[in-house]
Every structure is written in structure tokens, then in C-alpha cells.
Amino acid sequence: MTDLGTDLVALAEKLARSAGSLALAGRKKGLTEVDTKSTATDMVTEFDRASERLIVDGLIESRPHDAIVGEEGTSRDGTSGISWFVDPIDGTTNFFYDLPNWCVSIGAKDAGGTVCGVVYVPALDEMFTATRGGGAWLNGKQIHCGSIAELSQALICTGFNYDSSNRVAQAERILRYIDKVRDVRRFGAAAIDICYVACGRLDGYYEEYLWPWDYVAADLIAREAGCRTGDLTGAPIDNRDVLISNPTLFPQLVTLIRESGGK
Ligand code: IPD
Ligand code: CA
Ligand code: CA
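Residues numbered from 1 in each chain as written. Chains lettered and ligands numbered in written order. Predicted model: local features only at pLDDT ≥ 70, side-chain atom pairs only at ≥ 80, totals over all residues. Heavy atoms only, no water.

Engineer: Could you give an account of the coordination of the calcium ion (ligand 3), naming the residues involved and the relevant values?
Structural biologist: Donor atoms from the polypeptide that bind the calcium ion (ligand 3) are Glu-71 (OE), Asp-87 (OD) and Ile-89 (O), placed at 2.1 to 2.4 Å. As a motif over one chain, the donors of the calcium ion (ligand 3) read E-x15-D-x1-I. Between the calcium ion (ligand 3) and the calcium ion (ligand 2) the interatomic distance comes to 3.8 Å, and Asp-87 is a ligand of both metals. Taking relative accessible area as the criterion, Ile-89 reaches 1% and is therefore assigned buried. (Donors = N, O, S within 2.8 Å, 3.2 Å for Na, K, Ca; no water. Buried < 20%, exposed > 50% of the residue type's maximum accessible area, 1.4 Å probe, protein only.)

Spelled out as C-alpha cells, the structure:
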């Protein structure tokens, strides 16, 4: 008999791969429906919706009593104690421009926190997975965060909110710390950015105003890879502040971000 996390991660992996393949094939053919949501630059395509539909239908079929929250409108109550958080395409702007950094992100929580997380990057065929207590994996190989201990050597990643007034404050903060770190990246998909910290491709990631579907899966992957994750007070991530790095850099990044105009 397998445990719950193993069963759930297998289901999430299967659905993420199917939804990602569907979106990738659709993107190759071309987009026909592109609408906007919170602002004129916050896009949603027919493949964001189709990916969410495929994942939600698959979850309901296998786990009819679970709750599900999806970015494109799914909000379903459950009775099993398991809640799923689905970002059907994280990095929609990259998807729109046919850049490879977009993913499908699926995480599940129970009363004890996140049980499993899956982040699948279809264009690169990279599957990041984790179960609580079971380590973090990239295409079946265990991953660990990096060990850089000096801010001056750290490659930091961030993101910008769709609301243009928030973006200005976020960009101004970078001006105040860019001379204190190795360099700064903005790849455009929060879940992938966090997984990149988990596997040592980046040393730190900070962004505000995210949603649970952006980070629930990747947060577990990062913690299982040895990262420290939290908000700027060190508390578990909420919707606003999401900071991820190795445990040595974490307090240094809190100070740096606060001194640069963080919350
Ligand atoms: C966005 C991406 C982006 C981040 C934004 C998110 P979406 O998600 O993760 O990197 O900077 O804050 O909203 O809209 O592409 O699913
Ligand atoms: Ca997202
Ligand atoms: Ca999305």
C-alpha cells in the first residue's frame, strides 16, 4: 500500500503532464483567444482555460471529495480534508510570446500543510516534484538548493506584479540592492523561479502579491530541497511576500529587502 503523498503526487504528475502537453501542442498551432483579466497586461488564453479544465476534470474523477482552487475560476468545496491549488499555466506572458519558461503547477494541502507539489515545464520537459518528507526531485533525480553564503555571490530572481503601480515600487527596490548581489533575473513564472532556487540554478527569489496557486507546489519542492521559505518575518508564506533561499542566505536577504524598501 502506498501513502497518501505518493498517490497524490502521481495523480498531479499525470495531470500536469497531460495539461502541459495539450497547452504546448496548442501553442505550436497558434493562439486564437486571448483576453485580459486584472489589468490590460494580465492575459488569459484558451489554453489557460483548457489546461485548468483538464486538470480539474481529472481531479474530480479520481478524488471527487477534494476541494479545488484554480486560477481560472475553479472554486470547489470538499469533504476529504485535501485541497488542491492549480495554476494551469504559470507564466502566461511567456506562453503568449512562445518563450519556454511557463509551467503547470499543482499542489495539494491537508491539515498538516502541503502534502505534494508538482511543477511541470512542458517546453523543456522538466518535471519538479515533492512529497512531504520525501525529498524534491527533477525528472526523477533528487535536487538540493545551493550553498552560496555571501550575498555578493548570490544570483537573485524576482517578478513584477500586473498592477503598474506595484511594479514601479518593485523595480525601485532592485535599484537599491543590485550592487550588493551577483546579479538579478526576471524569468516570468514564479513557480519555475522557486524550483530553480530548489535545484541551485538560482540562490534566492523574492516577490510580493502572489497567490496560493503560484507557490503552494513550488514552496514544498523548495523546502524538501533544503531551502528556507517564508515571508519577510520568517512566517510561512502568505499571499504577499514570498522569499526562498538557502537557510544561510535567508536572514541576509530579509535585511537586504527590508533596507531596500521591502514591507
Ligand atoms: C505570474 C507569473 C509571474 C509573476 C506574477 C504572476 P501568471 O503568474 O508567475 O512570474 O511575476 O506575479 O502573477 O499570471 O503567469 O499565472
Ligand atoms: Ca501564476
Ligand atoms: Ca496562470
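On we go from here.
Engineer: Residue-level account of the site of ligand 1, with values.
Structural biologist: Around ligand 1, the surrounding shell holds 16 residues, and the nearest of these are Asp-90, Gly-91, Tyr-162, Ala-190 and Glu-207. Residue Ile-89 places a main-chain N or O atom 3.3 Å away from an oxygen atom belonging to ligand 1. Between Glu-207 and ligand 1, the recorded distance is 2.5 Å, taken from a side-chain N or O atom to an oxygen atom. Considering ligand 1 on its own, with 380 Å² of exposed area, one finds that the protein chains cover 95% of that surface. Taken together, the residues of the shell around ligand 1 sort by class into six nonpolar, four polar and six charged. Summarising the domain contributions, the shell around ligand 1 has at least three residues from each of domain 1 (3-142) and domain 2 (151-259). (Near = heavy atom within 4 Å. Polar contact = N/O pair within 3.5 Å; in protein donor to acceptor, adjacent residues only side chain to side chain. Areas by Shrake-Rupley, 256 points an atom, 1.4 Å probe, with all protein chains shown as cover. Nonpolar A, V, L, I, M, F, W, Y, C, P; charged D, E, K, R; others polar. Domains from an automatic or database assignment.)

Engineer: Requested: an account of the packing of aromatic side chains, with residues and values cited.
Structural biologist: Taken as a whole and assessed by the stated rule, the structure comprises six aromatic pairs. Geometrically, the ring pair formed by Phe-47 and Phe-95 is edge-to-face, given 6.1 Å between the ring centres and 70° between the ring planes. Of this pair, Phe-47 sits in helix α2 (residues 46-62) while Phe-95 sits in helix α3 (residues 92-96); the two residues are 48 residues apart in sequence, bridging distant segments of the chain. Residue Phe-95 is classed as buried on the basis of its relative accessible area of 0%. Following the ring pairs from residue to residue traces out a cluster consisting of Phe-47, Phe-95 and Trp-102. It is Arg-17 that lies over the ring of Tyr-120; its NZ or CZ is 5.2 Å from the centre. (Phe/Tyr/Trp six-rings, centres within 6.5 Å; stacked < 30°, edge-to-face > 60°. Helix = DSSP H or I, 4+ residues; strand = E, 2+ residues; numbered from the N terminus. Lys NZ or Arg CZ within 6 Å of the ring centre and 35° of its normal.)

Engineer: Describe helix α6 (residues 212-224), and please don't skip the residues or the numbers.
Structural biologist: The end-to-end C-alpha distance of α6 is 18 Å, a good match for the 18 Å that 13 residues give at a rise of 1.5 Å each. In the structure, α6 departs most strongly from a straight axis at Ala-218, where the bend amounts to approximately 25°. Counting buried positions over the 13 residues of α6 gives eleven, a clear majority of the element. Residues Pro-212, Trp-213, Asp-214, Tyr-215, Val-216, Ala-217, Ala-218, Asp-219, Leu-220, Ile-221 and Ala-222 constitute the buried set of α6. Among the residues trailing α6, Gly-226 stands out with phi positive, at a value near 100°. (Expected span 1.5 Å × (residues − 1). Bend = angle between axes of the 7 residues up to and from the residue.)

Engineer: I'd like to hear about the side chain of Ser-260, residue by residue, with values.
Structural biologist: By the secondary structure assignment, Ser-260 is in the segment after α7 (249-259). A distance of 2.6 Å separates a polar side-chain atom of Ser-260 from the backbone oxygen of Leu-256. Excluding anything up to four places from it in sequence, Ser-260 contacts Arg-173, Arg-176 and Tyr-177. (Contact = heavy atoms within 4.5 Å.)

Engineer: With reference to specific residues and values, describe the sheet that holds strand β3 (residues 67-70).
Structural biologist: Paired through backbone hydrogen bonds, the strands of a sheet run either parallel or antiparallel to each other. Pairing is mixed in the open sheet, where eight strands are placed in the order β4-β3-β5-β6-β7-β8-β9-β10. Edge positions in the sheet fall to β4 (75-76) and β10 (141-142), since each of these pairs with one other strand and no more. Bridge count for strand β7 (residues 113-121) against strand β8 (residues 126-131) is six bridges, and the pairing is antiparallel. Considered in β8, the bridge of Val-121 is made with Glu-126. Along the sheet, helix α1 (residues 4-29) makes contact with β5 (83-90), β6 (103-110), β7 and β8, crossing β7 at roughly 25°. Sheet strands in contact with α6 are β3, β5, β6, β7, β8 and β9 (136-138), and its direction is about 100° off that of β7. (Pairing = 2+ DSSP bridges. Axes fitted to C-alpha atoms, helices over the stretch in contact; angles between N-to-C directions.)

Engineer: Before we move on, can you summarise the coordination of the calcium ion (ligand 2) with the specific residues and values?
Structural biologist: Coordination of the calcium ion (ligand 2) by the protein is provided by Asp-87 (OD), Asp-90 (OD) and Asp-214 (OD), with metal-donor distances spanning 2.1 to 2.3 Å. Coordination of the calcium ion (ligand 2) draws on donor residues from a single chain, spaced D-x2-D-x123-D in sequence.

Engineer: Kindly report on unusual backbone geometry, identifying the contributing residues and their values.
Structural biologist: Outside of glycine, negative phi angles account for most residues, and trans bonds account for most peptide bonds. One non-glycine residue, Asp-98, lies in the positive phi region at around 60°. Along the polypeptide, Asp-98 turns up in the loop between α3 and β6. Look at Asp-98 and you get exposed, because its relative accessible area is 53%. One non-glycine residue, Asn-139, adopts positive backbone phi at about 45°. Assignment of secondary structure puts Asn-139 in the loop between β9 and β10.

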